[in-house]
Amino acid sequence: MKVLVTGAKGQLGTDLMNELEKRGIESIGVDVQEMDITDKEACMRVISESKADAVIHCAAYTAVDAAEDNVDLCRKINGEGTRNVALACQATGAKLMYISTDYVFDGQGTRPWEPDDSRSPLNVYGQTKYEGELAVEELVEKFFTVRIAWVFGVAGKNFIKTMLRLGKERGAVSVVDDQVGSPTYTYDLARLLVDMIQTDRYGRYHATNEGFCSWYEFACEIFRQAGMNEVKVTPVSSDQFPVKAVRPANSRMSKAKLAENGFEPLPTWQDALGRFLKEIEY
């Protein structure tokens, strides 16, 4: 099997390339330099010449707040770019795994979102990822749509690294306590996605580490596990922490479909956090 990964230099892409190599699966990693997903011809050429059996599409515009001011660019990458990748996969017969987000939901209520729940994004980023989902569903026969959330990995910036830095610099942080979800380690995610791509159990899935918490609870656990108990963590409401893009309050996602299809659930987020902290310097 040969797998092509878009966004190969990102947080998840880096771990996916490592996982594929570890398993001896032939892989090709592309980033914007090798394949600009907004260029339809480039996508068709690169994916066709690669002779890939499967494409894991991680490349995306992910600056959630900046997206509110850069609607056209965000749509060009997340919506049209995904459409270009989907067209190339359908033309070559490659399976497509599209990495999507909890932001396609409106974040209402407290029950975990099911993969087939109706989608109603709250912000530009969520809307354009939804458009990407629609393109994949419309154009590709053999597809996985995998929604992930609250991601952290060794490569790139993330909430944990930000908390550790602010904790050191300021000795105190304020963190929202009214948004709930599941922190998710890209190392764990990569292993699951590589398991999935080797099957034909297509459809929509949710993939996060097990367990739920608020961002405030996540921050408290970060400092506890990092042995930085002196850092003062203050819970605040989203109203007290204004940002450009509205965030969903409920990002709980049901992973029951993974188990139903024989895939191993990921470890708890607390376990993942502990392993991640051993991998980084702080």
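Whatever comes next refers back to the structure up there.
**Details of the overall build of the protein chain**
On a plain count of helices and strands, the protein chain comes out with ten helices and twelve strands. Over its C-alpha trace the protein chain gives a radius of gyration of 18 Å, about what one expects of a compact globule, namely 19 Å for 282 residues. Within the protein chain, residue pairs in contact and separated by at least 24 positions form 82% of the contacts whose partners lie at least 6 positions apart. Entry remark: accessible area of the protein chain is about 12,400 Å², with carbon and sulfur atoms responsible for 47%. Between the centroid of the 33 positive side chains of the protein chain and the centroid of its 42 negative side chains there is a distance of 2 Å.

**Details of the packing of aromatic side chains**
Overall, the coordinates contain 15 aromatic pairs when judged by the stated rule. With centroids separated by 6.4 Å and ring planes inclined at 35 degrees, the aromatic side chains of Phe144 and Tyr205 adopt a geometry described as tilted. Pair noted here: Phe144 is in strand S5 (residues 143-148) and Tyr205 is in strand S10 (residues 203-206), with a separation of 61 residues, a long-range link. For Phe144, a relative accessible area of 0% corresponds to the buried category. Note on Tyr205: relative accessible area 0%, which makes it buried. With centroids separated by 5.6 Å and ring planes inclined at 80 degrees, the aromatic side chains of Tyr185 and Phe276 adopt a geometry described as edge-to-face. Of the two residues, Tyr185 sits in strand S9 (residues 184-185) while Phe276 sits in helix H10 (residues 269-279), which places them 91 residues apart along the sequence. Each member of the pair Tyr185 and Phe276 is classed as buried. Among the aromatic residues, those joined into a cluster by ring pairs are Trp150, Phe152, Phe159, Tyr185, Tyr187, Trp215, Phe218, Trp269 and Phe276. Seen from the ring of Phe263, Arg201 lies directly overhead, with NZ or CZ sitting 5.2 Å from the centre. The ring of Tyr205 has Lys257 lying over it, and the distance from NZ or CZ to the ring centre is 5.0 Å.

**What about the pattern of salt bridges?**
Summed over all chains, the structure comprises 18 salt bridges. A salt bridge links Glu138 to Arg83; the shortest N-O distance between them is 2.9 Å. On the criterion of sequence distance, the pair formed by Glu138 in helix H5 (residues 124-139) and Arg83 in helix H4 (residues 71-92) is long-range, its members being 55 residues apart. By relative accessible area, which is 54% here, Glu138 ends up exposed. Here Arg83 falls in the partly exposed class, since its relative accessible area comes to 32%. Taking the shortest distance from any N to any O, the salt bridge between Arg111 and Asp117 comes out at 3.0 Å.

**Considerations on unusual backbone geometry**
A positive phi angle, near 55 degrees, is found at Lys51, a position not held by glycine. Note that Lys51 resides in the loop between helix H2 (40-50) and strand S3 (54-57). Using a relative accessible area of 64% as the deciding quantity, one classes Lys51 as exposed. Its identity as a non-glycine residue notwithstanding, Trp150 has a phi of 50 degrees, on the positive side. Along the chain, the position of Trp150 falls in the loop between S5 and strand S6 (151-152).

**Examining the sheet that holds strand S4 (residues 95-101)**
The strand order across the open sheet built from six strands is S2-S1-S3-S4-S5-S10, with neighbouring strands paired in parallel fashion. Strand pairing shows two members of the sheet lacking a second neighbour, strand S2 (26-30) and S10, which therefore form its edges. Geometrically, the sheet is characterised by an average inter-axis angle of 20 degrees between neighbouring strands, direction not taken into account. Relative to S4, H5 is tilted by about 160 degrees, and along the sheet it contacts S4, S5 and S10.

Rules and cut-offs
- Residues numbered from 1 in each chain as written.
- Predicted model: local features only at pLDDT ≥ 70, side-chain atom pairs only at ≥ 80, totals over all residues.
- Heavy atoms only, no water.
- Helix = DSSP H or I, 4+ residues; strand = E, 2+ residues; numbered from the N terminus.
- Rg over C-alpha atoms; globule rule 2.2 N^0.38 Å.
- Contact = heavy atoms within 4.5 Å.
- Areas by Shrake-Rupley, 256 points an atom, 1.4 Å probe, with all protein chains shown as cover.
- Lys, Arg positive; Asp, Glu negative; His and termini not counted.
- Charge placed at Lys NZ, Arg CZ, Asp CG, Glu CD.
- Phe/Tyr/Trp six-rings, centres within 6.5 Å; stacked < 30°, edge-to-face > 60°.
- Buried < 20%, exposed > 50% of the residue type's maximum accessible area, 1.4 Å probe, protein only.
- Lys NZ or Arg CZ within 6 Å of the ring centre and 35° of its normal.
- Salt bridge = Lys/Arg side-chain N within 4 Å of Asp/Glu carboxyl O.
- Pairing = 2+ DSSP bridges.
- Axes fitted to C-alpha atoms, helices over the stretch in contact; angles between N-to-C directions.

Scope: geometric values only; no functional claims are made or implied.
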